[in-house]
Amino acid sequence: LVSFRRLGFRPVGLDVSRNLAEIAAQMSDCPVVIGDLTSSPFADSSFDAAWASASLLHLRPEELPSAFLEAARIVRPLGFFFSSVKAGNGSSRVADGRLFTYYGENEWKVRLEEAGFAVLQLRTTAEDPTRRDNDKWISCVARRNSSVEGERI
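Residues numbered from 1 in each chain as written. Predicted model: local features only at pLDDT ≥ 70, side-chain atom pairs only at ≥ 80, totals over all residues. Heavy atoms only, no water.

**Side note on the side chain of Ser-84**
Looking at the element boundaries, Ser-84 is found in strand 4 (residues 75-86). Note on Ser-84: relative accessible area 5%, which makes it buried. For Ser-84, the side chain forms a polar contact with the main-chain nitrogen of Ala-54, separated by 3.1 Å. The residues contacting Ser-84, other than those within four sequence positions of it, are Ala-52, Ser-53, Ala-54, Ser-55, Trp-137, Ile-138 and Ser-139. (Helix = DSSP H or I, 4+ residues; strand = E, 2+ residues; numbered from the N terminus. Buried < 20%, exposed > 50% of the residue type's maximum accessible area, 1.4 Å probe, protein only. Polar contact = N/O pair within 3.5 Å; in protein donor to acceptor, adjacent residues only side chain to side chain. Contact = heavy atoms within 4.5 Å.)

See below:
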């Protein structure tokens with residue numbers, strides 16, 4: 001939020017955790033709304049772009065289509081959507097209870113396209129042994145199609 005604000009944008013955060021939303025709002029001096037990635041409180045076509053970095057990987061695989069459709073709903077036609085997730089297969093839970101779901105590049109691309117996005121750039125980072133987790137990340141920039149099936153007019 002701080003980086004986007006410094007670049008001249010008017011970002012709005014979204015977090016399911018009230019505590020984290022309050023911290024983010026205080027640290028960024030930006031509005032942060034409490035809500036869910038699969039059902040946000042924003043109006044249709046509210047934003048020029050949406051950014052979901054390392055957040056969608058915490059959803060169960062069956063929740064991902066709803067989250068993508070929600071992103072398509074809140075981004076204006078031809079608006080942008082950035083997403084990043086860990087590359088791999090399956091899901092796991094870490095000691096603190098957080099869920100991590102892993103995806104392959106092609107699966108990520110297909111799921112975005114099914115939700116009404118055109119993938120503009122998709123890449124996977126190389127393994128980096130200098131990183132603590134040494135995970136590979138899929139990063140994707142997509143553009144919302146001019147209309148999305150089921151869109152409210």
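**Quick notes on the packing of helix 3 (residues 64-74) against helix 4 (residues 105-114)**
Here helix 3 crosses helix 4 at 55°, and the two axes come no closer than 9 Å. Relative to helix 4, helix 3 is oriented oblique. In the packing of helix 3 onto helix 4, the handedness of the crossing is right-handed. Only Trp-108, Arg-111 and Leu-112 of helix 4 make contact with helix 3, whose side of the interface consists of Leu-64, Pro-65 and Phe-68. (Axes fitted to C-alpha atoms, helices over the stretch in contact; angles between N-to-C directions. Parallel < 35°, antiparallel > 145°, perpendicular 65-115°, else oblique. Left-handed = near helix turned anticlockwise from the far one by under 90°.)

**Remarks on the environment of Cys-30**
Position of Cys-30 relative to the elements: it lies in the loop between helix 2 (18-28) and strand 2 (32-34). Among the residues examined, Cys-30 registers a relative accessible area of 6% and is labelled buried. Separated by 40 residues in sequence, Cys-30 and Glu-70 place their C-alpha atoms 22 Å apart. Once you skip the residues sitting within four places of it in the chain, Cys-30 turns out to touch Leu-1, Arg-5, Pro-11 and Ala-25.

**Some words on the packing of aromatic side chains**
What the rule picks out here adds up to eight aromatic pairs. Ring centres of Phe-4 and Trp-51 lie 5.1 Å apart, and the angle between their planes is 80°; this geometry places the pair in the edge-to-face category. One end of the pair, Phe-4, is in helix 1 (residues 2-6); the other, Trp-51, is in strand 3 (residues 47-53), and 47 residues separate them in sequence. Pairwise contacts between aromatic rings join Phe-68, Phe-81, Tyr-103, Trp-108 and Phe-117 into one cluster. (Phe/Tyr/Trp six-rings, centres within 6.5 Å; stacked < 30°, edge-to-face > 60°.)

**Comments concerning the nonpolar core**
Formed by 27 residues in total, the largest nonpolar core has its most connected members in Leu-56, Phe-68, Phe-81, Val-85, Trp-108, Leu-112 and Phe-117. For this core, the elements supplying multiple residues, two or more each, are strand 3, helix 3, strand 4, helix 4 and strand 8 (137-144). By residue number, the principal contributor to this core is helix 3, which donates six residues. Contact partners of Phe-81, with chain neighbours within four places excluded, come to Ala-50, Ala-52, Leu-56, Phe-68, Ala-71, Leu-112, Phe-117, Cys-140, Val-141 and Ala-142. (Core = buried A, V, L, I, M, F, W, Y, C linked by side-chain atoms within 4.5 Å.)

**Examining the sheet that holds strand 3**
Taken together, four strands build an open sheet; the order of strands is 3-4-8-7 and the sheet is mixed. Because the sheet does not close on itself, it has two edges, and the strands there are strand 3 and strand 7 (117-124). Averaged over all pairs of adjacent strands, the angle between their axes in this sheet comes to 10°, without regard to strand direction. With seven bridges joining them, strand 4 and strand 8 adopt antiparallel strand pairing. Bridging across to strand 8, Phe-81 finds its partner in Ala-142. This element, helix 3, spans strand 3, strand 4, strand 7 and strand 8 of the sheet and lies at about 145° to strand 4. (Pairing = 2+ DSSP bridges.)

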